Protein chains: 2
Amino acid sequence: MTDFALTRAAFDRPAGVIYLDGNSLGAMPRAAAARVEHTIRAEWGERLIRAWNEAGWMAQPPRVGDRIGRLIGAPAGSVVVGDTLSIKVYQALAAALAMRPDRRVVLSDSGNFPTDLYIAQGLLDTLGQGHELRVVAPEAVAQAITDDVAVTLLTEVDYRTGRLHDMAALTARAHAAGALAIWDLAHSAGAIPVDVAGAKADFAVGCTYKYLNGGPGAPAFIYVSPEHVDAAQPALAGWMGHEKPFAFDPDYRPGAGIERMRVGTPPVIALAALEAALDVWDGVDMADVRAASIRLSERFIDSVESAGPTLVLASPRDPAARGSQVSFRHPDAYAIMAALIARGVIGDVRAPDILRFGFTPLYLTEEEVVQGAVILAEIMRTEAWRDPRFQARQAVT
Amino acid sequence: MTDFALTRAAFDRPAGVIYLDGNSLGAMPRAAAARVEHTIRAEWGERLIRAWNEAGWMAQPPRVGDRIGRLIGAPAGSVVVGDTLSIKVYQALAAALAMRPDRRVVLSDSGNFPTDLYIAQGLLDTLGQGHELRVVAPEAVAQAITDDVAVTLLTEVDYRTGRLHDMAALTARAHAAGALAIWDLAHSAGAIPVDVAGAKADFAVGCTYKYLNGGPGAPAFIYVSPEHVDAAQPALAGWMGHEKPFAFDPDYRPGAGIERMRVGTPPVIALAALEAALDVWDGVDMADVRAASIRLSERFIDSVESAGPTLVLASPRDPAARGSQVSFRHPDAYAIMAALIARGVIGDVRAPDILRFGFTPLYLTEEEVVQGAVILAEIMRTEAWRDPRFQARQAVT
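Residues numbered from 1 in each chain as written. Chains lettered and ligands numbered in written order. Predicted model: local features only at pLDDT ≥ 70, side-chain atom pairs only at ≥ 80, totals over all residues.

Asks: Please clarify how the relation of the copies chain B and chain A should be interpreted in this entry.
Replies: Each of the two copies of the chain can be brought onto the other by a rotation about an axis and a shift along it. Rotating chain B by 180° about the axis while translating it 0.0 Å along that axis superimposes it on chain A, leaving an RMSD of 0.0 Å. Look at the turn and shift together and you get a two-fold axis relating the two. Among all residues of chain B, the minimum C-alpha distance to the rotation axis is found for L127(B), at 2.5 Å. By residue overlap, the copies meet face to face through one surface: 99% of the interface positions of chain B are interface positions in chain A. (Least-squares fit on C-alpha atoms with pLDDT ≥ 70 in both. Contact = placed C-beta atoms within 7 Å.)

Asks: Any chance you could explain the sheet that holds strand β6 (residues 132–136) of chain B here in plain terms?
Replies: All names here are of chain B. Read across the sheet, seven strands follow the order β4-β10-β9-β8-β7-β5-β6 without closing on themselves; strand pairing throughout is mixed. The sheet is open, and its two borders are formed by β4 (79–82) and β6, each paired with just one other strand. Across this sheet, the average inter-strand angle for adjacent strands is 20°, counted without regard to direction. Pairing between strand β5 (residues 105–109) and strand β7 (residues 149–155): three bridges, direction parallel. (Pairing = 2+ DSSP bridges. Helix = DSSP H or I, 4+ residues; strand = E, 2+ residues; numbered from the N terminus. Axes fitted to C-alpha atoms, helices over the stretch in contact; angles between N-to-C directions.)

Asks: I would appreciate a short explanation of the interface of chain B and chain A in the present structure.
Replies: Many analyses report the size of an interface as the accessible area lost when the parts associate. Each partner contributes to the interface: chain B provides 75 residues, whereas chain A provides 75 residues. Counting residues per element, the ones that place at least two in the side of chain B that touches chain A are α2 (32–47), α3 (51–54), α5 (85–98), α6 (114–127), α9 (268–281) and β14 (348–350) of chain B. Considered class by class, the residues forming the side of chain B that touches chain A number 48 nonpolar, 18 polar and nine charged. (Nonpolar A, V, L, I, M, F, W, Y, C, P; charged D, E, K, R; others polar.)

Asks: In this structure, what is going on with unusual backbone geometry? I would like to understand it.
Replies: Most peptide bonds take the trans configuration, and most residues that are not glycine carry a negative phi. All names here are of chain A. Between A351 and P352 the backbone carries a cis peptide bond, its omega angle lying at 0°. Tracing the backbone through its elements, the reader meets P352 in the loop between β14 (348–350) and β15 (354–358). A positive phi angle, close to 60°, is found at K200, a residue other than glycine. K200 gets classed as partly exposed once you count the C-beta atoms within 10 Å, which come to 16. For N213, which is not glycine, the phi torsion reads 65° and is therefore positive. You can see N213 is positioned in the loop between β9 (203–206) and β10 (220–224). The class of N213 is buried, set by 29 C-beta atoms lying within 10 Å. (Buried ≥ 20, exposed ≤ 12 C-beta atoms within 10 Å, placed from the backbone.)

Asks: It is not clear to me how the packing of α5(B) against α6(B) should be interpreted in this structure. Could you clarify?
Replies: Any two packed helices are characterised by the angle at which their axes cross and by the distance between the axes. Residues and elements named next belong to chain B. Contact pair α5 / α6: the axes reach a minimum separation of 9 Å and the direction vectors enclose 50°. When the axis of α5 is compared with that of α6, the two are oblique. Crossing angle aside, the handedness with which α5 passes α6 is right-handed. Seen from α5, the contacting residues are S86, V89, Y90, L93 and A94; seen from α6, they are T115, D116, I119, A120 and L123. (Parallel < 35°, antiparallel > 145°, perpendicular 65-115°, else oblique. Left-handed = near helix turned anticlockwise from the far one by under 90°.)

Geometric values such as these leave the question of function open.
Next up, the structure:
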């Protein structure tokens, strides 16, 4: 049983703030600064180059990968950490396409996060082999998995609406059509129970600065199914993915297993912050997180809707069809969010009209959620957002 | 005039250590830990998502890029920071090849750092268009720049021997043959004066954890000549390189200028450490660094050679033909280095037989260098390295 009092105590959060944006940037684990300071002063400062071995820096990416693996249903040795999510999407897609040389279609949906689509476009343009990026509506994906699809590239949880894809069903459908399935878990890891192995995902990627609380710009992760990993050809053939990086062999030979998905020198300092964040996850059961997340988000929807009809739910009403966020639509979303933030309730906005709220039971209480909804209702009732100082807000992350 | 007493005071170094490996991992700037702690506690912890705008995180990559640009002769707005050097090599090579669609040869040399060759192999395999990676001896490069070469991919300073390429001459030769020139400045930036604009380099890439002292795994940088940048097609088309990342446009449109070479979310915490490191470079003149580096390395060579003939200089004897490192060959290089490190003198080894020593005037004194050479001479005279505990050493970074 997860002890949420314990996990809450592991975060330092600013006074006077109700933080409903952990789906964009997770809150700061109390131990992060000290852990990073140790890495900087005691490891880098004192041990210098020797820390690569003595402090275990070189083994960090697979070690941290295994800790994330536990949260997404990946077996040990199948996840590695590094780079950004965009880079990890590129690696997964390049490897998957090489495994389906006779097919030319990458299938995605219009609810996917744009960088996934951009990275796919960039890769397909670079390949110059006549591939097509086919983008359909999220609800049309299952039917669109036809026999010409090489790879499905889908994000499990829609970043705008929180709509949840059925990973196991769509993966089965992809396999039945002879395609491979890549899953982006940006809004899933640490948000909902994920079982990449059970769902038979071929590749999965994700970031660690949202629900996992790894810090701004924390490194990404990639999972490759053990069934494929030794056949996966790394397009980004960096030295850290080489079988023997320090042999300085002139020819690239991919390392065993998931190690081949490493690229360059690991981001040691960022990984220290991420490790402190992952300590909080020890002893946390994702089923408990899911139950708490549903309780919080249902409570929030009820409170907002009971205050009046001006905000229109953009997320699925059925909690089983949502991730760990709730969105509402309003033409003045930006101004409303600015007014809300001025009152200490932090969510964010996605163009053109989405107000987005994330629910992170590791540090968020039901009282905070209710209080956030009360303040939102008050802003809607008084139309406080019409104040000119709230009208010019720009979106960010 | 650079005040090296001032720069030395800006570093914290362990007592009892003579550090001749700043060419692999630079020493720790005294301000790094506090700067990172501020980013973690005051920015991430207190401002949470708001810090993307309020703390300037979003603008960090080009701002830090400009600070590095000053050290490599790049005009403002032509350098951006992020990812690893391997990724930046991939970006530069993919963009350059797309600008020479009628040619199929990438020319490099056997002194190049292996990851550059691996990344090129990975890209060429991915392209599948019959490109050839042609690798010649470093001294044969000029003659090998023939009319079929699309791109030269060269590292200015050889990581093993310190041998320096003539960037301006080879670039001119590449251009005369209709090729583009990519320069890897991993062992140049902060080590020697570099003038990418004066040399007319088309692309340049480098890392920041060596002479620039940005910390383990610090992010890399890329320079694209202003002449090319608006035509350079990003293969790694991540959202941060999009013209309007927060429009969440389904189609990728590259950003103006160097911004298009951004990929994913910036590594904020790592960038904070790098910024502290770059503060030390304010007021530093690369010509002074070069003069001091030559003084230190000449002094080291003289001391080592006067002690006996067992260590054979692997670096060019002419300091004008070397970067800021000196290497010696010996069949028992690993054991010798292990014995040296046990005595507090830290250099490193490159397979099979290279002992490598870096000279970093920002924090290294002439007394330390002489003392390091004295200890090395003593180890060679007494054959202390024959001790079995020194015989099993493994190389790292």
